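# Remarks on the overall topology
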Amino acid sequence: MAGSDASPPPSPTHQHQDNQSNGNSRLILDPYIIHPGDNPATTLFSPLLQGDNYGSWARGFTKALNAKGKLGFVDGSLPPPADDLTHRCWKRCDDLVGSWLLNCVHPDIRASCLYAASSHAIWKDLQQPRKLAYVVLKFSMMERLERDHAMEFLQGLHERFSNLHSQILTMEPFPTALMIFNLIQQEEEQQNITAAPMPVVESALASRCCCYSHAA
């Protein structure tokens, strides 16, 4: 019979399961979805980018970002959309990815690309090894110069700050000259409070008693 070759109509239960499966797939693949565990303070990969470990760092970070479904934001395959509402969703996710990027680089490098317009712009900056090397060298020299100034400042301290001097030399990381100045200022104020003469209540009362006795 001709009717025997016709396929049976799909079960409503199967249709519901297929629709649910397709909906879940779209949620998983949607790059604009931010999951509850996606925190801007998260460090996706370590060790941090130092300048000389870019190859291994980039490999590890892109794998971690791809697992989050957000790789398109840094490689340029997901540019900002023209639609206003969609662009706001894109911007929110791009800021999240940018935060992840900045969390995974050395603080000196982070300072050089902190104001990049997008996560893709940050990524392009980080792909310049000569720039990375220059940034690391520059900040290293600045830290060394700052430390020299701080040590020079410490050498000129009065002997009454000798205990604080010893404490500062053991601090990690070594404080800046401004931090040292603040510590010394606090110590000086504390020493002045400690050295201030305390009022002698008994002597004051005795003097008043003597005055009253003479008046009588």
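So, here is what we can say about the structure in this document. (Residues numbered from 1 in each chain as written. Predicted model: local features only at pLDDT ≥ 70, side-chain atom pairs only at ≥ 80, totals over all residues. Heavy atoms only, no water.)

For the protein, the helix and strand inventory stands at 10 helices and 0 strands. The order of α-helices and β-strands along the protein, N terminus first, is α-α-α-α-α-α-α-α-α-α. Per-residue burial for the protein yields a buried fraction of 23% across its 216 residues. Contacts in the protein between residues far apart in sequence, at least 24 positions, make up 63% of those at least 6 positions apart. In the form shown here, the protein has an accessible surface area of approximately 15300 Å², with 58% of it arising from carbon and sulfur atoms. (Helix = DSSP H or I, 4+ residues; strand = E, 2+ residues; numbered from the N terminus. Buried < 20%, exposed > 50% of the residue type's maximum accessible area, 1.4 Å probe, protein only. Contact = heavy atoms within 4.5 Å. Areas by Shrake-Rupley, 256 points an atom, 1.4 Å probe, with all protein chains shown as cover.)

Here the structure, examined in full by the defined rule, presents 3 salt bridges. Note that Asp84 and Arg88 form a salt bridge whose closest N and O atoms lie 3.2 Å from each other. With Asp84 and Arg88 both in helix α4 (residues 84–103) and 4 residues apart, the pair spans about one turn of that helix. By relative accessible area, Arg88 is classed as exposed at 53%. (Salt bridge = Lys/Arg side-chain N within 4 Å of Asp/Glu carboxyl O.)

Turning to the nonpolar core, a few remarks are in order. Among soluble globular proteins, nonpolar side chains are generally buried collectively. Residues Trp57, Phe61, Leu65, Trp100, Leu101, Trp123 and Leu126 are the most contacted members of the largest nonpolar core, which totals 23 residues. Contributing elements (two or more residues each) for this core: α2 (54–67), α3 (72–75), α4 and α6 (119–126). Top element by residues in this core is α4. It accounts for 7 residues. Among residues more than four places away in sequence, those in contact with Trp57 are Phe45, Pro47, Leu48, Leu49, Leu101, Cys104, Val105, Trp123 and Leu126. (Core = buried A, V, L, I, M, F, W, Y, C linked by side-chain atoms within 4.5 Å.)

This paragraph deals with α6. Considered for burial, the residues of α6 that qualify are Ser119, Ile122, Trp123, Asp125 and Leu126. Across the axial projection of α6, the buried residues extend over an arc of 160°, all falling on one side. (Arc of directions from axis to C-beta.)

A few words on the side chain of Lys70. Relative to the elements of secondary structure, Lys70 occurs in the loop between α2 and α3. Setting aside residues no more than four positions away along its own chain, Lys70 makes contact with Pro31, Ile33, Leu65, Cys93, Val97 and Trp100.

These figures capture arrangement, not role.
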